[in-house]
Amino acid sequence: MIMSKRALILCTLCTLLFGTFFIHAQGPVRNRIKTLKVAFITERINLTSKEAQQFWPIYNEHEETMESIRKKERAELHANISRAQDLSDSESQKLLDNILELQSDKQKAERDYLSKLRTVIPDKKILLLLKAEEDFKKQLLQQYRKRRGNG
């Protein structure tokens, strides 16, 4: 699957937005967010105890994989994007190639994750999970904006 330039830019900006947010959400705050997310997902997808036993290790492994990719992405972008104007054509090409490779890694990780999930929970619950994750992000972002506006 080839991403359009606009989709690539949007994905990169979203990654930076959430990456920046989570960089600032260190320690207890980050753990609190994770706890809230687990509770939110648990409530939304209504796993049986057997499903939960198989689901959470897959979910946690995927979260670690995606965080590792996001860290690489942030390191790559933060190290070079601020000096983008000064990059040579070959440096720009290499940076963009690295970003595209990380995007490909993310897509592969997502495909593998969904395939693994299909072996332990029904497709409908996977769809509910995807919706729950999006809803959680929206809610988190709304609360962040609200607090930022008041603070």
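Before reading on, note that the structure itself is shown above.
Note that the coordinates shown come from a computational prediction; the quantities given were computed from them, not determined experimentally.

Now for the overall build of the chain. Looking only at helices and strands, the chain features five helices and zero strands. Helices and strands in the chain line up, N terminus first, as α-α-α-α-α. The proportion of buried residues among the 151 residues of the chain is 30%. Considering only contacts within the chain whose residues lie at least 6 apart along the sequence, 73% involve residues at least 24 apart. In the structure as shown, the chain presents an accessible area of about 10700 Å², 55% of it carried by carbon and sulfur atoms.

Taken as a whole and judged by the stated rule, the model has five aromatic pairs. Here the aromatic cluster, defined as three or more aromatic residues joined through ring pairs, consists of Phe-55, Trp-56, Tyr-59 and Tyr-113.

Before going further, it helps to spend a moment on the pattern of salt bridges. A complete count under the given rule lists 12 salt bridges for this structure. Residue Lys-116 pairs with Glu-61 through a salt bridge whose shortest N-O separation is 3.5 Å. Taken together, the residues span a long stretch of sequence, with Lys-116 in helix 4 (residues 89–118) and Glu-61 in helix 3 (residues 49–80) at a distance of 55 residues. Lys-108 is the salt-bridge partner of Asp-112, the closest N and O atoms lying 2.7 Å from each other. Taken together, the positions of Asp-112 and Lys-108, both in helix 4 and four residues apart, correspond to about one turn of that helix. Residue Asp-112 is classed as partly exposed on the basis of its relative accessible area, which comes to 34%. A residue is classified by how much of its surface remains accessible, and Lys-108, at 45% relative accessible area, is partly exposed. Through salt bridges with shared partners, a single network forms among Arg-30, Glu-67, Arg-70 and Arg-74.

What counts and how
- Residues numbered from 1 in each chain as written.
- Predicted model: local features only at pLDDT ≥ 70, side-chain atom pairs only at ≥ 80, totals over all residues.
- Heavy atoms only, no water.
- Helix = DSSP H or I, 4+ residues; strand = E, 2+ residues; numbered from the N terminus.
- Buried < 20%, exposed > 50% of the residue type's maximum accessible area, 1.4 Å probe, protein only.
- Contact = heavy atoms within 4.5 Å.
- Areas by Shrake-Rupley, 256 points an atom, 1.4 Å probe, with all protein chains shown as cover.
- Phe/Tyr/Trp six-rings, centres within 6.5 Å; stacked < 30°, edge-to-face > 60°.
- Salt bridge = Lys/Arg side-chain N within 4 Å of Asp/Glu carboxyl O.

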